[in-house]
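Descriptive analysis of the structure
Below, each chain spelled out in residue letters.
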Amino acid sequence: MNRTTLSLIAGTTALAAVTGFAALSAPDAPGTDTAAKAAAQLPVERTSLLCPAPSTSDLAETSYTSFTPVTKGTGSGGKAELREADEESADGEDKGTGKDGGKSGDNRPVKPVLTPKEPGKPVTGDSSGGDAPALVGTADGRFAPGWTVQETTEVAAGTGRGLQGVNCTAPDTDFWFPGASTDADRTDYVHLTNPDDSAAVVDIELYGKDGALKSEVGEGITVPPHSSEPVLLPTLTGERQTNLTVHVNVRSGRVGAAVQALDDKLGGDWLAASTDPSGSLVLPGIPKDATSVRLVALTPGDADADLKVRLASPSGPITPAGHETVHVKGGMTTAVDLGDVTRGEAGSLVLTPTDRSVPVVAALRVVRGKGDKQETAFIPATRPVGTRATSADNSGKGSTLSLTAPGAAATVKVTASAGSEGGTPVSKTYTIKAGTTQDIEPPAPGGLKGTYALTVETVSGGPVYGARTLTASEDGVPAFTVQTLPDDRGTVAVPEADVDLSVLQK
């Protein structure tokens, strides 16, 4: 994906907001080193998140959790807010959802509006039924750096029954989703949400086992301003394929995108986008009791990719028997069934090139349970934790934090926030050995009431990748959902100016 980046103007604004002026450095004296000064990492000033419509099931129960970690240097101002995607028209007029000013015909509010009061404490909201809309959120000031929103839905019965979870994502222009399907048992939607005042134009491309699928219907899809469009994959092609890669390419504007993958027999979950195409990928946090794991991969170009397959286990790297390597043909989706690859232990899949590096996208479809008591979740390839990453909507039970250090050993600090209804933060430090994955029962806040957030910060060592698994029991079905923990990109690098600009203010 082409991640949204701050412009120079935005970076200067962030600097001005933190320091009160653009820069205060005098020119170098003669004879001194005039090399560019190191860039300062300063908090971002504004961020946006988009949450897809959670479900069409009348049995759906959805919770939302909004959280911003405390960040130094942000000042005291700002706010964060989530609103319905179609609540605001292009001219800023509040449309609401009906004549009663934002309520349905039975006078029941149909949207949760989350407005946190302070960083460091989660705020929750909920909705029920199948009419909950997509949400558009913005945060600025002290609420912007690291802002995280989790959408979690429980569906008691029917297609996609079980636990479905997704991190609300920033708008972007390019998304890859390996692991989608148009199989007869699957009902997969691509949810497109446009936060802006002008329409977005989107192309949806599908890649199967033999290459690109022909589809004129997927070209030039218009997403109106401040609205969300769910696109059913079988309407884009007449071909039934078990394993597909979906490419969302935005011609004009920007959108948030996520795939909702619902199975008649195996439950369902959200499929988040894979990280940018890369020669090496990490897919962290395979549950230790997974009964079936399927790797789905695609190289977007014409060149083939040959990848080494390794499982980072608690004791070190393991080569799955019979799956030492995988060959991915250019432009074709490849699927490999790895079975119960973790064999009762924590694990993360690590893909590296056998020879030359070819960019690849990948995701895992993970199944827990047996017979008619099975449930599905997805783990896309992800970016490392980096400086800091956060997962919201954790409870005292049912949360597992999985961390892997595929290269060098690393030390991380894990902080459990205050609870949404009370509790005091707790931090704990962990060391992850090189080439291993460690499942952690996360620390819980003292006197916890409500839900809490987990923030992971890299202290030292090599890159760390992470995922958080939520579990629940639904009539004997081992319901679960997995969210990865990429760096929250809560800071931006702003070079120090070599000229004193404060004189311009006089």
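The model shown is predicted, which means the values in this text are computed figures rather than measured ones.

Next up on the list: the sheet that holds strand β10 (residues 186-194). The strand order across the open sheet formed by 4 strands is β14-β10-β16-β17, and the pairing between neighbours is antiparallel. The open sheet terminates on both sides in strands that have one partner only, identified here as β14 (227-232) and β17 (267-271). Each strand axis lies, on average, 20° off the axis of its neighbour in the sheet, ignoring direction. Both strand β16 (residues 256-263) and β17 contribute to a ladder of 5 bridges, which runs antiparallel. Among the inter-strand pairings, valine 259 is bridged to a residue of β17, identified as leucine 271.

A separate point is the sheet that holds strand β31 (residues 426-432). Reading across from one edge, β27-β34-β29-β31 is the order of the 4 strands in this open sheet, with antiparallel pairing throughout. The open sheet has two free edges, formed respectively by β27 (388-394) and β31, since each of these has just one partner strand. Direction aside, the axes of adjacent strands within the sheet are offset by 20° on average.

Here we come to the side chain of serine 391. Structurally, serine 391 is set in strand β27. The exposure class assigned to serine 391 is buried, which follows from its relative accessible area of 1%. Apart from the residues lying within four places of it in its own chain, the contact partners of serine 391 are Tyr452, Ala453, Leu454, Arg468 and Leu485.

In this structure, Leu283, Ile286, Val293, Leu295, Leu349, Leu351 and Leu364 are the most contacted members of the largest nonpolar core, which totals 29 residues. When residues no more than four places from it in sequence are discounted, the contact partners of leucine 364 are Leu283, Ile286, Val293, Arg294, Leu295, Leu349, Ala377, Phe378 and Ile379. Core analysis: the second largest hydrophobic core is formed by 27 residues, Val202, Leu206, Val250 and Phe378 among them.

Right, let's talk about unusual backbone geometry for a bit. Even without being glycine, histidine 226 reaches a positive phi, approximately 50°. Looking at the element boundaries, histidine 226 is found in the loop between β13 (221-223) and β14. The phi dihedral of aspartate 393 falls on the positive side, at around 65°, and the residue is not glycine. Checked against the element boundaries, aspartate 393 lands in strand β27.

Chain-level pLDDT for the chain is 87 on average; 85% of the residues reach the 70-or-more range. The low-confidence segment residues 1-36 (pLDDT under 50) makes 55 contacts with residues lying over four places distant or belonging to another chain. Within the model, the stretch residues 88-111 combines pLDDT values under 50 with 37 contacts to residues more than four positions away or in other chains.

It is worth spelling out the packing of aromatic side chains at this point. Following the criterion strictly, the structure yields 2 aromatic pairs and no others. Ring geometry for phenylalanine 175 against phenylalanine 177: centres 6.3 Å apart, planes inclined by 10°, an arrangement best described as stacked. Here phenylalanine 175 falls in the buried class, since its relative accessible area comes to 2%. Residue classification places phenylalanine 177 among the buried residues on the basis of a relative accessible area of 0%. A centroid spacing of 6.1 Å and a plane angle of 40° characterise the contact between tryptophan 176 and tyrosine 207, whose relative ring orientation is tilted. Taken together, the positions of tryptophan 176 in strand β9 (residues 174-180) and tyrosine 207 in strand β11 (residues 200-208) put the pair 31 residues apart, joining distant regions of the chain. Pair check on accessibility: tryptophan 176 and tyrosine 207 agree, each one buried.

As a further point, take the pairing of β16. Taken across its 8 residues, β16 has 8 buried, putting it largely inside the fold. Both faces of β16 are covered, namely the face carrying Gly256, Ala258, Gln260 and Leu262 and the face carrying Ala257, Val259, Ala261 and Asp263. Here β10 runs beside β16; their pairing, made up of 8 bridges, is antiparallel. Residue pairing in the sheet places tyrosine 189 in a bridge with glutamine 260 of β16.

Criteria and cut-off values
- Residues numbered from 1 in each chain as written.
- Predicted model: local features only at pLDDT ≥ 70, side-chain atom pairs only at ≥ 80, totals over all residues.
- Heavy atoms only, no water.
- Pairing = 2+ DSSP bridges.
- Helix = DSSP H or I, 4+ residues; strand = E, 2+ residues; numbered from the N terminus.
- Axes fitted to C-alpha atoms, helices over the stretch in contact; angles between N-to-C directions.
- Buried < 20%, exposed > 50% of the residue type's maximum accessible area, 1.4 Å probe, protein only.
- Contact = heavy atoms within 4.5 Å.
- Core = buried A, V, L, I, M, F, W, Y, C linked by side-chain atoms within 4.5 Å.
- pLDDT = per-residue confidence, 0-100.
- Phe/Tyr/Trp six-rings, centres within 6.5 Å; stacked < 30°, edge-to-face > 60°.

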